[in-house]
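Each chain, letter by letter, is given below.
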Amino acid sequence: MSVARQEPCIVGVGQSEFTRWGGIQDRSQFQITAEAICAALRDAGLSASDVDGFASFSNDANEGPLMQVALGVPVIRWSSMVWGGGGGGSIAALAQACAAVEAGHANVVVVYRGLCQGQGRRFGRFSTGRTQGNFVNPFGLFAPPQMLALLVRRFMHLYPITEEHLSEVVLNARANANRNPRAVMYARTLSREQYFQARWIAEPLRLYDCCLETDGACAVVVTTRERANDLSAQAVDILAVAHGSGPDWGTGPLGSHNMPDDDYASTNSKRFTRDLFARAGVSPREIDVAQIYDHFSGLTLMALEDYGFCGRGESGDFISRGRIRWPDGELPLNTSGGQLSEAYVHGMNLLIEGVRQLRGESTSQVPNARTCLVTGGLGVSPTSGTILGRRQ
Amino acid sequence: MSFFPDEMPRPEPDRDDQGFWEACAQRRLCFQACGACGALRHPPRPICYRCHSVETKWVEAPSPAVVYTFCVVHHPNHPAVASRVPYVVGVVEFPSLPGVRLVTNITDIAHSAVRIGMPVSIWWDDIGGGMFVPRFRPAAPSDA
């Protein structure tokens, strides 16, 4: 067996419906997660008996060993959970699935996330489980919108980044969601005036700078190129995948903010992005479409810089003049509506949209898209990213 | 009366950070440093990131501090702050203590007047039970 035949690819995607938080009450979070996995397997043309691995992140409560029992998976050879909170681990879970199939530990690994914020905790609220809670809670720094607003404020202080630039990220996402019937905000338009009139959450972030709080589940099936060749499903290549973290970020934005000064106002991604592009054999210029984690608008701008689409402090100018807009922009961004307007499934819906773009199935389809960047959560620890490619 | 209502979450010192809060209870802001090589670190943790010594010492922070960044919280994510919003959360640093910053509140100033780089002075907020929490307000000219 040649090494190349072990290269990982995505052969199936599946999801539940997406609703506003609390919208799914008739089924448990575990059930909709199981349903999303079944949908992904059907999409791939595989059955539960083909699965031999599970990978997830963000302390997903829908544990792999329990999912194995529920779905009747006979044997598990891979079971992994990425450390760290939030969505930073979404693509890192994909990386673990890739590592598993490339090394031969397992052959069919399902990466999944189920998140019903109406049934569990709301990530936008106070939680006693925060890392280093003693150094944030007594000061009223309770939740990610406030914690990451601190980074966005310094970013806007250091560089020519304006509220207009933040609004462009938000309005672009909504315009894309308005074409996507799966999006929670499909039927609700958003004007520039509505954006600026909305209430502050934590200055400099307004209401629409913050992602949705939703219920939903997503799953992606990873296997080898060799196995994919035997399936009828249209496979998407994982050209490269990476995750990591820089010094002191583990107690960073969600803790006491003691990251290094030279990348405080950043996404904690730049240490692996150069390698990511090198391993994929493409440059940022050759990326046709991007799904960049958009929990908060300002971090999406920082990511454009950290992933090398533009220089430090240039992301505001970069996104001006329609560059991220579908269909005519050079880099259509978050074409499903992203987490600002489609759903917040800790980034797994961005990964599904990346696959759809390369299969030609997006509701904001980029003609002849051959490469797509997808990132995991930004400004947390670890963060992660992948470059997907269309099979030739 | 303290800055936040009594229902506000309190520090719950653990084995690794109790030295920080014991100093606060005496109204002294002290950052942890390695007892062997002197490297500063925050939040407190039981081993030096540079030399792996488990010896620690405490270094008192000078005043004033400087605002490194801040946000203005308008949406109350916890019921205790519903009557307090909007309030300013700041991250401050101390020019003579490289490598450590503190999350705190910037008080006694209109939130629209807070600026990155402004000097701020510590004040101790009595939250009851013998515990004091460090918060900051604009430094008087004589402090700077």
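Nothing here was measured: the structure is a model prediction, and the numbers come from that model.

J.: A description of the overall build of chain B should follow, citing residues and the corresponding values.
T.: Counting secondary structure elements, chain B contains 1 helix and 8 strands. Over its C-alpha atoms, taken along the principal directions, chain B stretches across nearly 45 × 35 × 25 Å. When each of the 144 residues of chain B is scored for burial, the buried share is 33%. Looking at chain B alone, contacts between residues at least 24 apart form 55% of all its contacts between residues at least 6 apart.

J.: Explain the overall build of chain A residue by residue, including any values.
T.: When helices and strands are tallied, chain A shows 13 helices and 12 strands. The C-alpha radius of gyration of chain A comes to 19 Å, within 12% of the 21 Å expected for a compact globule of 392 residues. Considering only C-alpha atoms, chain A reaches an extent of 55 × 45 × 45 Å along its principal axes. Within chain A, the fraction of its 392 residues that count as buried is 64%. The long-range share in chain A, meaning contacts at least 24 apart out of those at least 6 apart in sequence, stands at 79%.

J.: Before we move on, could you go through the nonpolar core and cite the residues and values that matter?
T.: Burial of nonpolar side chains together is a common tendency in soluble globular proteins. L94, V109, V111, V220 and V221 of chain A are the most contacted members of the largest nonpolar core, which totals 157 residues. Here the element with the most residues in this core is helix α3 (residues 90–103) of chain A; it accounts for 9 residues. Summarising the domain contributions, this core has at least three residues from each of domain 1 (12–60) and domain 2 (62–144) of chain B. Residues contacting L94 of chain A, with those up to four places away along its chain left out, are V111, V220, V222, V241, L351 and T386 of chain A.

J.: Report on the pairing of strand β11 (residues 371–375) of chain A, specifying residues and quantitative values.
T.: All names here are of chain A. Burial analysis of β11 places 5 of its 5 residues in the buried class, which makes it a mostly covered element. Neither face of β11 is left uncovered, since the one carrying T371, L373 and T375 and the one carrying C372 and V374 both have all their residues buried. The sheet contact formed by strand β10 (residues 289–291) and β11 spans 3 bridges and is parallel. Bridge pairing links Q291 to V374 in β11. By the bridge criterion, 5 bridges tie β11 to strand β12 (residues 383–390) in an arrangement that is antiparallel. The residue bridging T375 from the neighbouring strand is G385, located in β12.

J.: Tell me about α3 of chain A, residues and numbers included.
T.: All names here are of chain A. The end-to-end C-alpha separation of α3 is 20 Å, in line with the 20 Å expected for 14 residues at 1.5 Å each. Among the 14 residues of α3, 11 are classified as buried, and the element is accordingly described as predominantly covered. Of the residues making up α3, those classed as buried are S90, I91, A92, A93, L94, A95, Q96, A97, C98, A100 and V101. Just beyond α3, the residue with positive phi is G104, at close to 85°.

J.: Hey, could you go over the confidence of the model for chain B for me, with residue numbers and the actual values?
T.: Close inspection of predicted coordinates is inappropriate in any region flagged by low pLDDT. Residues at a pLDDT of 70 or more form 98% of chain B, whose mean pLDDT is 95. Both scores are available for the predicted complex, with the pTM at 0.97 and the ipTM at 0.97.

J.: Describe the packing of helix α5 (residues 163–177) of chain A against helix α10 (residues 297–306) of chain A, and please don't skip the residues or the numbers.
T.: Residue and element names in this part refer to chain A. Contact pair α5 / α10: the axes reach a minimum separation of 9 Å and the direction vectors enclose 95°. Classified by the angle their axes make, α5 and α10 are roughly perpendicular. Listed contacts from α10 to H165, L166, V169 and V170 of α5 are S297, G298, T300 and L301. Here the residues of the contact of α5 with α10 are counted per class, giving 4 nonpolar, 4 polar and no charged.

J.: Account for the domain arrangement of chain B, naming residues and giving values.
T.: Residue and element names in this part refer to chain B. Domains assigned within chain B are domain 1 (12–60) and domain 2 (62–144). One C-alpha centre belongs to domain 1, the other to domain 2; they are set 21 Å apart. Each partner contributes to the interface: domain 1 provides 9 residues, whereas domain 2 provides 10 residues. Broken down by secondary-structure element, the contributors of at least two residues to the side of domain 1 that touches domain 2 are α1 (18–25) and β2 (40–41).

J.: Lay out the pairing of strand β6 (residues 200–203) of chain A in plain terms, naming residues and giving numbers.
T.: Bridge count for β6 of chain A against strand β7 (residues 205–206) of chain A is 2 bridges, and the pairing is antiparallel. Each bridged residue has a counterpart across the sheet, and for A202 of chain A the counterpart in β7 of chain A is L205 of chain A. Between β6 of chain A and β7 of chain A, which pair antiparallel one after the other, the connecting turn spans 1 residue. Of the pairings in the sheet, the one linking β6 of chain A to strand β4 (residues 65–73) of chain B comprises 2 bridges and is antiparallel in character. Within the sheet, the bridge partner assigned to A202 of chain A lies in β4 of chain B and is V73 of chain B.

J.: Break down the interface of chain A and chain B for me, with residues and values.
T.: Taken together, the contact between chain A and chain B spans 30 residues of the former and 30 residues of the latter. Mapped onto the side of chain A that touches chain B, the elements with two or more residues apiece are α4 (144–158), β6 and α8 (252–256) of chain A. At 6 residues, the largest contribution of residues to the side of chain A that touches chain B is made by α4 of chain A. Residues that form the side of chain A that touches chain B fall into these classes: 13 nonpolar, 12 polar and 5 charged.

Procedures and definitions
Residues numbered from 1 in each chain as written. Chains lettered and ligands numbered in written order. Predicted model: local features only at pLDDT ≥ 70, side-chain atom pairs only at ≥ 80, totals over all residues. Helix = DSSP H or I, 4+ residues; strand = E, 2+ residues; numbered from the N terminus. Buried ≥ 20, exposed ≤ 12 C-beta atoms within 10 Å, placed from the backbone. Contact = placed C-beta atoms within 7 Å. Rg over C-alpha atoms; globule rule 2.2 N^0.38 Å. Core = buried A, V, L, I, M, F, W, Y, C linked by C-beta atoms within 7 Å. Domains from an automatic or database assignment. Pairing = 2+ DSSP bridges. Expected span 1.5 Å × (residues − 1). pLDDT = per-residue confidence, 0-100. Axes fitted to C-alpha atoms, helices over the stretch in contact; angles between N-to-C directions. Parallel < 35°, antiparallel > 145°, perpendicular 65-115°, else oblique. Nonpolar A, V, L, I, M, F, W, Y, C, P; charged D, E, K, R; others polar.

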